[in-house]
Amino acid sequence: LMVNRVNPEGTHLEKLEAVNQFFNSRMIYASDIQVWGIKEFWATPFEFMCKGAGDCEDYAIAKFFTLKEVGVPERNLNIMYGKRIHFGTAHMVLGYYRTPEAVPLILDNITDMITPESEKPDLRLSLGFNTYGLWPAGQYGKGGAMLAASRLKEWRNLQTRLAAVGIRAFL
């Protein structure tokens, strides 16, 4: 559905904008308790789309897999976890790195504007991950310590559900 709306010849930035706008404008924000009846659940893009609602990690995960599908290399993408300082709440976004050393552009469910992390003073990121691994914030592409992303229980659960429908998300 979403993949057919993205110009395969477009630039990465055009793809980022199309995907961010698609999910932010069509999906409803709701907590995992409201959608799934449990405290924490990371939905696959299919589960998210079927429910029509989800929380910040569902948006970030759906954007991550959709951008991979439309040709943005995973090495440029990092699902990022942190806090919204003014609210004191956990928050997840998708980061796009033009180069491994660049300040990531942030795709956030709370705004359609894609902005550099450095221009989001309310957001303090603590870690980022993709199927390659897990890094402390600011270390992606800089040779920092890498751990297996499978250390994240909800990421493992999501990967298992994807595999059950024939989608191999691991590289």
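Details of the structure are given in the entry above.
Here's what I pulled together on the structure shown here. Note that the structure is a prediction, hence the values are computed from the model and not measured.

A few words now on the overall build of the protein. Assigned secondary structure in the protein consists of 5 helices and 8 strands. For the protein, the α and β elements follow one another from N to C terminus as α-β-α-α-β-α-β-β-β-β-β-β-α. On C-alpha atoms alone, the protein measures out to a radius of gyration of 15 Å, which is about the 16 Å that the 2.2 N^0.38 rule sets for 171 residues. Projecting the C-alpha coordinates of the protein onto the three principal axes gives extents of approximately 40 × 35 × 30 Å. Within the protein, the fraction of its 171 residues that count as buried is 47%. Restricting the contact set of the protein to residue pairs at least 6 apart, pairs at least 24 apart contribute 51%.

Helix length check: helix α5 (residues 153-164) (12 residues) gives 17 Å between terminal C-alpha atoms against 16 Å at 1.5 Å per residue, within 8%. Looking only at α5, the buried set comprises E154, W155, L158, Q159 and L162. Along the long axis of α5, the arc covered by the buried residues comes to 140°, so they all point the same way. In α5, those exposed residues whose orientation departs by more than 90 degrees from the buried face are K153, T160 and A164. Looking one or two residues past α5, G166 carries a phi angle of roughly 85°, positive in sign.

Taken in spatial order, the 6 strands of this open sheet run β6-β5-β4-β3-β7-β8, and their pairing is antiparallel. Pairing within the sheet leaves two strands with one partner each, and these edge strands are β6 (111-116) and β8 (133-136). The mean inter-strand angle of the sheet, taken between neighbouring strand axes irrespective of direction, is 30°. Pairing of strand β3 (residues 77-84) with strand β4 (residues 89-96) involves 8 bridges; the strand directions are antiparallel. Across the sheet, the residue bridging to R84 is T89, located in β4. Relative to β4, helix α4 (residues 56-69) is tilted by about 10°, and along the sheet it contacts β3, β4, β5 (105-108) and β7 (123-130).

What follows deals with the pattern of salt bridges. Throughout the structure, instances matching the rule amount to 4 salt bridges. Close ionic contact of R161 with E47 constitutes a salt bridge, the shortest N to O distance being 2.8 Å. With R161 in helix α5 and E47 in helix α3 (residues 45-51), this residue pair connects regions lying 114 residues apart in the sequence. Linking K68 and E74 is a salt bridge whose minimum nitrogen-to-oxygen distance equals 2.9 Å. Exposure remark for E74: the relative accessible area of 6% places this residue in the buried category.

Scoring rules and cut-offs
- Residues numbered from 1 in each chain as written.
- Predicted model: local features only at pLDDT ≥ 70, side-chain atom pairs only at ≥ 80, totals over all residues.
- Heavy atoms only, no water.
- Helix = DSSP H or I, 4+ residues; strand = E, 2+ residues; numbered from the N terminus.
- Rg over C-alpha atoms; globule rule 2.2 N^0.38 Å.
- Buried < 20%, exposed > 50% of the residue type's maximum accessible area, 1.4 Å probe, protein only.
- Contact = heavy atoms within 4.5 Å.
- Expected span 1.5 Å × (residues − 1).
- Arc of directions from axis to C-beta.
- Pairing = 2+ DSSP bridges.
- Axes fitted to C-alpha atoms, helices over the stretch in contact; angles between N-to-C directions.
- Salt bridge = Lys/Arg side-chain N within 4 Å of Asp/Glu carboxyl O.

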